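Secondary and tertiary structure notes
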Amino acid sequence: MTDTVFPTLSTPAGSIPARAPRWNRQRRSQMPSHRYLDAHTRVEIPLVERDWPTKRLSEAPLWVPVDLRDGNQALAEPMDPARKRRFFELMVAMGYKEIEVGYPSASRTDYDFVRLIADSDLAPEDVTIVVFTPARRDLIERTVASIDGIANPVVVHMYTATAPTWRETVLGRGRADLKELILAGGRDVLDLAGGLPNVRFEFSPEVFNLTEPDYALEVCDAMTELWDARPERPVILNLPATVEIATPNVYADQIEYMHKHLARRDGVILSVHPHNDRGTGIACAELAVLAGAQRVEGCIFGNGERTGNVDIATLALNLHAQGIDPMIDFSDIDEIRRTVEHCNRAEVHSRHPYVGDLVHTAFSGTHQDAIKKGFAEHRARAARLGLPEQETEWRVPYLPIDPADIGRSYDAVIRVNSQSGKGGIAYLLQTEYGIELPRRVQIDLARHVQTHTDAHGREVTAAELWEIFQHAYLAPDAEAEVRLTDYEAAGAAAGAGERSGTRIALNVRGEEHVTTHEDVGPVDALARALVEHGIGIEILGLHQTGIASGSGSRALALVEYRRTDDGGIAWAAGLADSAITASLDAVIGAANRVGAAHRIGLGNRITERTAPISCA
């Protein structure tokens, strides 16, 4: 194997700092770090008698997911109306009571989504709707028009950047001029929406964390006076770390300064909106709550511009791990993850806190041993105390929370020996055939390989792995009940005023059936057609890859599906010259496997779910 060479890297060869201890031989690098100013040079950090270091988190703040606005504007492909609706319904189901739904003056899609809420019962009456607007009258007018007729509580959220660099470089205004611009916007909001009894107001001095403390306080106090902030109609002051620039303790100092010095404090809901540029957004939010913040804006799993918004799922589950009710339901975290991935068209990392595929899996032998002993002790203690295991204090080593709390099984934890081989299986299939398998397929395939190796007691080659894979997911059913005889996708050919759709021709138990399904692609259309013919499967995920052969390459598709009759979950595959044909073949394979399970009475042995993936 040829040694890897990194021609663009330069090993630090500068001087060793004079004050470095003898045991630290690190040298100065070639990176131009001198170009950057530290936070204390860039902005005055308020001096406060800190109370936050002695505080303890004791209850959940008000969580406000901003995925539909701030998260959406960071996506390479912003959400279409269907995805927006699905995401909103997820948030409602999880228990969020205040949701920022869009930037209605910025796009027709956002405006229409707010109107959908106004014209339907999509939002339960106890959910507050937040809409976002800059401080410009015409855009405020469009924003207020979008909420016309909404019966729910509504927050009109106005923002303006206040930091010196933004004032001078972007807006071209001094402190006094910018304050007047902000107040003019506030007056417009008051003029256009102040008479609506269900509407409250929010103001964000964007880039608060780089704004002079006295100026931020001056502007915020002016806004709460203008909007007559009082306990019965409080104003939200949202203080964003728009671009994270300092250690979390600095942000906490800034928040505590505002908390202690704001006028009309009993009429103010103090909110924070940290970003994650330094990778410390979680810590910033937690310390900000200690410092007086009552409300946290962020995205579920932390999607957002650059390195993302603060991850409010992690924040909530951090509270859960400390014995504090997060006030949001994560009892089926894989369903939440699947929906978020589908809506964002982006996968959640396997090491992401709490939700990642690998966060409850141990590969180290010492960790495995400690976890197994911990499980045994937990079960014995629960029996001794006469308590259900789910109600017994959790003490298992290396597992901060019980995976069952968030709907996970223990398979990935207690079957650690079989887990240790899946990486090698995946590596051989990728290097020999170019196949990239999702992690959950790797886990499932490892079980089939383990059965094979237990029976034969010898090393498995890449060719044998491919045979095992084909038998597990691609093997044709000799008694296939369902065949796809033809399909036609009309989306590309639909003209103006015509609706797109897909025609599906199926042979079901020897009889031909043709159905047409509007506004869906071939895979969804086929799944619907199968349901119409009594074959109940729900497609949970679709993964497409390729397989290299001597004559070229072919498309390989894997579908994760759920039986609608008993909830069992499994995988099926399709192999064809095109990705769409392979995907359809995989769905047909799933349908025939469901039928076979019915025929031979194995419905209760469909593979149990581990952690489903999103549709590609």
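Note that residues are indexed from 1 along each chain, following the sequence as it is written. In keeping with the model being predicted, local features are shown solely for residues with a pLDDT of at least 70 and side-chain atom pairs are shown and tallied solely at 80 or more, while totals for entire chains, interfaces and linings include all residues. To obtain the side-chain values, all non-hydrogen atoms of the structure were included, while hydrogens and water were left out.

The name an unreviewed UniProt entry assigns to the protein chain is 2-isopropylmalate synthase, from the organism Leucobacter chromiisoli. UniProt positions are given in the numbering used here, feature names are shortened, and annotations may be inferred rather than shown by experiment. The Pathway (unreviewed entry) comment attached to the protein chain in UniProt states, word for word, "Amino-acid biosynthesis; L-leucine biosynthesis; L-leucine from 3-methyl-2-oxobutanoate: step 1/4." Per UniProt, the comment on the protein chain under Cofactor (unreviewed entry) is "Mg(2+)".

Another point: the packing of aromatic side chains. Put simply, two rings from Phe, Tyr or Trp (the six-membered ring, in Trp's case) pair if the centres are within 6.5 Å, and we call them stacked under 30 degrees between planes, edge-to-face over 60, tilted for the rest. If you walk through the whole model with that rule in mind, you get nine aromatic pairs. Pairing Tyr 103 with Tyr 159 gives two aromatic rings, centres 6.4 Å apart and planes at 90°, and the pair type is edge-to-face. Note that Tyr 103 is positioned in the loop between strand E2 (98-102) and helix H4 (108-119) and Tyr 159 in strand E4 (residues 154-161), a separation of 56 residues in sequence. Arranged with centres 4.5 Å apart and planes meeting at 5°, the rings of Phe 132 and Tyr 159 form a pair that is stacked. Residue Phe 132 is located in strand E3 (residues 128-134), and its partner Tyr 159 is located in strand E4; the two are separated by 27 residues in the primary sequence. Here the aromatic cluster, defined as three or more aromatic residues joined through ring pairs, consists of Tyr 433, Trp 466, Phe 469 and Tyr 473. The positively charged end of Arg 142 is found above the aromatic ring belonging to Tyr 111, 4.0 Å away from the centroid. Definition used: whenever NZ (Lys) or CZ (Arg) falls within 6 Å of the ring centre and also within 35 degrees of the ring normal, the charge is taken to sit over that ring. Between the NZ or CZ atom of Arg 167 and the centre of the ring of Tyr 215, over which it lies, the distance is 5.0 Å. Counting from the N terminus, the helices are the DSSP runs of H or I reaching at least four residues and the strands are the DSSP runs of E reaching at least two.

The salt bridge definition used is simple: a Lys or Arg side-chain nitrogen within 4 Å of an Asp or Glu carboxyl oxygen. Considering all chains together, one arrives at 45 salt bridges under this definition. Here Asp 70 ties to Arg 69 by a salt bridge, and the two come within 3.9 Å at their closest N and O atoms. Look at Arg 69 and you get buried, because its relative accessible area is 7%. Residue Arg 337 pairs with Asp 334 through a salt bridge whose shortest N-O separation is 3.3 Å. Highlighted residues: Arg 337 and Asp 334, both in helix H12 (residues 333-344), separated by three residues, approximately one helical turn. The rule is simple: take the accessible area with a 1.4 Å probe, protein chains only, and divide by the maximum for that residue type; under 20% is buried, over 50% is exposed, in between is partly exposed. Exposure remark for Arg 337: the relative accessible area of 1% places this residue in the buried category. Accessibility expressed as a relative area gives 1% for Asp 334, which makes it buried. Among the charged side chains, a network of salt bridges with common partners joins Arg 167, Arg 175, Lys 179, Glu 212, Asp 214 and Glu 218.

What follows concerns the pairing of E4. Burial analysis of E4 places eight of its eight residues in the buried class, the great majority of the element. By the alternation rule, side chains of E4 split into Val 154, Val 156, Met 158 and Thr 160 and Val 155, His 157, Tyr 159 and Ala 161, which are all buried. Two strands qualify as a pair provided that DSSP identifies no fewer than 2 bridges between them. As paired strands, E3 and E4 are joined by six bridges and run parallel to one another. Among the inter-strand pairings, Val 131 is bridged to a residue of E4, identified as Val 156.

Another aspect to go through is the sheet that holds strand E8 (residues 295-298). Spatially, eight strands are ordered E1-E8-E7-E6-E5-E4-E3-E2 in an open sheet, and the strand pairing comes out parallel. Single-partner strands in this sheet number two, and they are strand E1 (62-65) and E2. Strand-to-strand twist of the sheet, defined as the mean angle between neighbouring strand axes without regard to direction, takes the value 25°. Note on definitions: a residue-residue contact is assigned when non-hydrogen atoms from the two residues lie within 4.5 Å. Angles shown run from 0 to 180 degrees and are taken between the N-to-C directions of axes, each axis being a line fitted to C-alpha atoms and, for helices, limited to the stretch in contact. Lying over the sheet, helix H3 (residues 81-94) contacts E1, E2 and E3, oriented at roughly 175° with respect to E2. Packing of helix H5 (residues 137-146) onto the sheet brings it into contact with E3 and E4, and relative to E3 it is tilted by some 165°.

For the rest of this paragraph, the subject is the environment of Gly 186. With respect to the helices and strands, Gly 186 occurs in helix H7 (residues 175-193). Separated by 49 residues in sequence, Gly 186 and Arg 137 place their C-alpha atoms 9.4 Å apart. With sequence-adjacent residues up to four places away left out, Gly 186 is seen in contact with Met 158, Met 223, Leu 226 and Trp 227.

For the rest of this paragraph, the subject is the sheet that holds strand E11 (residues 511-518). On the basis of which strands lie adjacent, the open sheet formed by three strands has the order E9-E10-E11 and antiparallel pairing. Among the strands making up the open sheet, the edge pair consists of strand E9 (482-489) and E11. On average, adjacent strands in this sheet sit at an angle of 20° to one another, irrespective of strand direction.

Looking now at the pairing of E3. Counting buried residues in E3 gives seven out of seven residues, a clear majority hidden from the surface. Neither face of E3 is left uncovered, since the one carrying Thr 128, Val 130, Phe 132 and Pro 134 and the one carrying Ile 129, Val 131 and Thr 133 both have all their residues buried. In this sheet, E3 lies alongside E2 in parallel orientation, the contact comprising four bridges. Across the sheet, residue Glu 100 finds its bridge partner in E3, namely Val 130.

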